Amino acid sequence: MGGAILSDLVTEIVIPACAVVGILFSLVQWVLVSKVKLSPQRHAPEKNGGYNDYLIEEEEGLNDHNVVQRCAEIQSAISEGATSFLFTEYQYVGIFMAAFAILIFLFLGSVEGFSTKSQPCTYNNDKMCKSALANAIFSTVSFLLGAITSVVSGFLGMKIATYANARTTLEARKGVGKAFIIAFRSGAVMGFLLAANGLLVLYIAINLFKLYYGDDWEGLFEAITGYGLGGSSMALFGRVGGGIYTKAADVGADLVGKVERNIPEDDPRNPAVIADNVGDNVGDIAGMGSDLFGSYAESSCAALVVASISSFGINHDLTGMCYPLLISSVGILVCLITTLFATDFFEIKAVKEIEPALKKQLIISTALMTAGIALISWLALPSSFTIFNFGTQKVVKNWELFFCVAIGLWAGLVIGFVTEYYTSNAYSPVQDVADSCRTGAATNVIFGLALGYKSVIIPIFAIAVSIFVSFSLAAMYGIAVAALGMLSTIATGLAIDAYGPISDNAGGIAEMAGMSHRIRERTDALDAAGNTTAAIGKGFAIGSAALVSLALFGAFVSRAAISTVDVLTPKVFIGLLVGAMLPYWFSAMTMKSVGSAALKMVEEVRRQFNTIPGLMEGTAKPDYATCVKISTDASIKEMIPPGALVMLTPLIVGTLFGVETLSGVLAGSLVSGVQIAISASNTGGAWDNAKKYIEAGFSDHAKSLGPKGSDSHKAAVIGDTIGDPLKDTSGPSLNILIKLMAVESLVFAPFFARHGGLLFKLF
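What you see is a predicted model, and the numbers here were worked out from it, not measured in a lab.

1. Describing the pattern of salt bridges
Line of reasoning, step 1. Under the defined criterion, the tally for this structure stands at 23 salt bridges.
Line of reasoning, step 2. For glutamate 171, the salt bridge goes to lysine 174, with nearest N and O atoms at 3.0 Å.
Line of reasoning, step 3. By relative accessible area, glutamate 171 is classed as buried at 8%.
Line of reasoning, step 4. You can call lysine 174 buried: its relative accessible area is 18%.
Line of reasoning, step 5. The salt bridge involving arginine 559 is made with glutamate 222; its shortest N-O contact spans 2.5 Å. Note that arginine 559 is positioned in helix 17 (residues 517-559) and glutamate 222 in helix 6 (residues 217-260), a separation of 337 residues in sequence. Assigned by exposure class, arginine 559 and glutamate 222 land together as buried.

2. Some remarks on the packing of helix 18 (residues 570-611) against helix 21 (residues 659-696)
Line of reasoning, step 1. Closest axis-to-axis distance for the helix 18/helix 21 pair is 6 Å, and the angle between their directions is 40 degrees. By the angle class used here, helix 18 and helix 21 are oblique. Two packed elements cross with a definite hand, and for helix 18 against helix 21 that hand is right-handed. The segment helix 18 lies against helix 21, with Lys571, Val572, Ile574, Gly575, Leu576, Gly579, Ala580, Leu582, Pro583, Tyr584 and Ser587 engaging Glu660, Thr661, Gly664, Val665, Ala667, Gly668, Ser669, Ser672, Gly673 and Ile676.
Line of reasoning, step 2. Considered class by class, the residues forming the contact of helix 18 with helix 21 number ten nonpolar, nine polar and two charged.

3. Comments concerning the packing of aromatic side chains
Line of reasoning, step 1. Using the criterion set out here, one finds 29 aromatic pairs in the structure.
Line of reasoning, step 2. With a centroid separation of 6.0 Å and 85 degrees between ring planes, the pair formed by phenylalanine 100 and phenylalanine 748 is classed as edge-to-face. In this pair, phenylalanine 100 sits in helix 3 (residues 64-109) while phenylalanine 748 sits in the loop between helix 23 (711-747) and helix 24 (749-755), placing the two residues 648 residues apart along the sequence. Across the pair, phenylalanine 748 and phenylalanine 100 agree in class, each one buried.
Line of reasoning, step 3. Consider the rings of phenylalanine 748 and phenylalanine 752, whose centres lie 6.1 Å apart with planes at 35 degrees: the pair is tilted.

4. Re a nonpolar patch on the surface
Line of reasoning, step 1. Nonpolar side chains collect at one region of the surface, where Val414, Ile457, Ile458 and Phe461 lie side by side and expose about 360 Å² of accessible area between them.
Line of reasoning, step 2. The biggest single contributor to the nonpolar patch is helix 15 (residues 457-487), with three residues.
Line of reasoning, step 3. Within the secondary structure, valine 414 sits in helix 12 (residues 398-423).
Line of reasoning, step 4. According to the relative accessible area criterion, valine 414 is partly exposed, its value standing at 37%.

5. Re the side chain of glutamate 222
Line of reasoning, step 1. The exposure class of glutamate 222 is buried, given its relative accessible area of 12%.
Line of reasoning, step 2. Engagement of the side chain of glutamate 222 in a polar contact is seen with the side chain of arginine 559, the distance being 2.5 Å.
Line of reasoning, step 3. Once you skip the residues sitting within four places of it in the chain, glutamate 222 turns out to touch Asn135, Ser139, Val305, Arg559 and Pro750.

6. Overview of the confidence of the model for the chain
Line of reasoning, step 1. For the chain, the average pLDDT comes to 86, and 95% of its residues sit at 70 or higher.
Line of reasoning, step 2. Within the chain, helix 2 (residues 56-59) has the poorest average pLDDT of any element, 43, and helix 14 (residues 441-454) the best, 95.
Line of reasoning, step 3. In the model, residues 42-63 has pLDDT below 50 throughout and makes 35 contacts with residues more than four positions away in sequence or in other chains.

7. Regarding the pairing of strand 3 (residues 384-389)
Line of reasoning, step 1. Taking burial as the measure, the six residues of strand 3 include five buried ones, the bulk of the element.
Line of reasoning, step 2. Pairing of strand 3 with strand 4 (residues 392-397) involves six bridges; the strand directions are antiparallel. Residue pairing in the sheet places threonine 386 in a bridge with valine 395 of strand 4.
Line of reasoning, step 3. Here strand 3 folds back onto strand 4, and the loop between the two strands holds two residues, one of which, phenylalanine 390, carries a positive phi near 50 degrees.

Reading the values: the criteria
Residues numbered from 1 in each chain as written. Predicted model: local features only at pLDDT ≥ 70, side-chain atom pairs only at ≥ 80, totals over all residues. Heavy atoms only, no water. Salt bridge = Lys/Arg side-chain N within 4 Å of Asp/Glu carboxyl O. Buried < 20%, exposed > 50% of the residue type's maximum accessible area, 1.4 Å probe, protein only. Helix = DSSP H or I, 4+ residues; strand = E, 2+ residues; numbered from the N terminus. Axes fitted to C-alpha atoms, helices over the stretch in contact; angles between N-to-C directions. Parallel < 35°, antiparallel > 145°, perpendicular 65-115°, else oblique. Left-handed = near helix turned anticlockwise from the far one by under 90°. Contact = heavy atoms within 4.5 Å. Nonpolar A, V, L, I, M, F, W, Y, C, P; charged D, E, K, R; others polar. Phe/Tyr/Trp six-rings, centres within 6.5 Å; stacked < 30°, edge-to-face > 60°. Patch = residues over 30% accessible without salt bridge, like charges linked within 9 Å, V, L, I, M, F, W, Y side chains within 5 Å. Areas by Shrake-Rupley, 256 points an atom, 1.4 Å probe, with all protein chains shown as cover. Polar contact = N/O pair within 3.5 Å; in protein donor to acceptor, adjacent residues only side chain to side chain. pLDDT = per-residue confidence, 0-100. Pairing = 2+ DSSP bridges.

Written out as structure tokens, the structure reads:
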């Protein structure tokens, strides 16, 4: 069939080298961000072309020393609140992690009665593979590795974001371009650290496991699937817990502050304002980081499992086997070049250039990555090879695999731009939602829901085309690498996504520090662009989750030795119905959790306004700590039931009803979960930007709906408040639900295949 051009030795050097380059690049970006000092200093004109780097505060006669000091204090309070919450959350999650690791060991070890004897390989009975006990031990270790990497990724992202918030605010005094670069560089630190760490830890784990498994690549990569399970388990709790935290604070701050008291967003008189800013970091930064890390880990594991039982694994072709890791390696280099376009090659000089600059990041990275995929497909793959396809080996050409990855990559771009069209206030859908506020909150809600439902159409077609083409060309392996293609530019995607909450917090700090209206306009412009890019990031996460879940589903069906999944079989059909219901159940639990926590927050904010003399006049200081505690306690308590629902469903269904019913549950949850997730995220994003459209008042149409405090604006605030838990809690968490159930089923597949279906065996 012809060998690959790239040798195994070069492959073993390239993958860790690219990961190290990514880590070094993130450190360079961090050093550049840290040059903005959170201490008073004199600012002299720059010498590059005579450009005068003056400060607005100096021009307007404000005391620069006090402004910088207040910014530093506020950032410190936000950072301490976020760190405290994450440590509390990780204590609870750590207990779960240890308990679930024991569960993995017991379930998988019991497949062969904890025997240490070698067993016939699943896909080739003529060969002997390592024992079930070894699989149990190494799956448990890889689960813990994935979980720890996910936790570290989320925590580092949060620390970097809180480090950059006030620095972005201070740079806004010099111009919108300077503030944009700081916010984007900070996002890039998170993006490259996460992408590089995820790749490096997975590569090291594979090489360490290989010392024991030797030629048993089937067993090795089956054990590695625990890495994806660990990553997604932590992502679920990070997303749900962080989402409940941020939205409880946000809804409480908005309902009492904006609607009842008619004070601006992020007003320092609002007791919930610090909790709201903390929430942006623990939900949108730490949660999103863990989420996309989970997607990356799972898509890599799905591709590796299928490859291990194809010609790459059978012939011990290391370079071909590592093709998914090589895609991610090239992605890091492509994203590095792309980032320089935003931070070094072009300078933003006006507000209107912000959103186009972020969109160019997506286009440039996709175009460069297409060339990178073509190159790596030509170098790393033999001209033809076989891919495992439900019991048979399908012959595939290297150019066919290139098309699989490329179609996933471009489908991600399509989903991103469709999401932007439906959530950006530059286009008619959001403007129509804003216009509907003329007649009150009810019509705003109706228009917003309709927009969300409609926004599902094109992304679903894009996902469907990706699935059809990639499966036709390379079976389930094609779908797995298509998902990797969509995530190959994860460093740029995360940089854009993290930029939003950093800009949002920068605006909050500007308001709380009493900075001038001109600075707040700049931070608002950065934030508005960030809102749209955050919606694009959620679109990528949901689209990749659909492909990842299907690839994991295919690996599960193969591993559980199911020849076909017949929906007319009662066992499967009841699974489909239950699976389709689970996203609704999960959404109900997370939204009610936000509602319960927000209720306590509203009562506390009202109490403070009513009982603290001088609070409304600004002569007394609110009790921020109580609001932070309400959000922390509520999120920790409320994240457990939704998490338990997702984690226990595959175990209960697989054990009691067997693999056929579980396959139905996985298919049902995938189909309904993707639709609800896209709709919820886009509806919430549209309501948010409709409110910002009215507040900004840039166009004659927007001015006719405003100003802040008008009836139209109050209706928009109510819509935004309803949308908050949809776009930041339920919607983003649903993509973890469908991925996590699929990867958990794959990890426990040997146990379900051997001992599952207890109820059907009894009757």
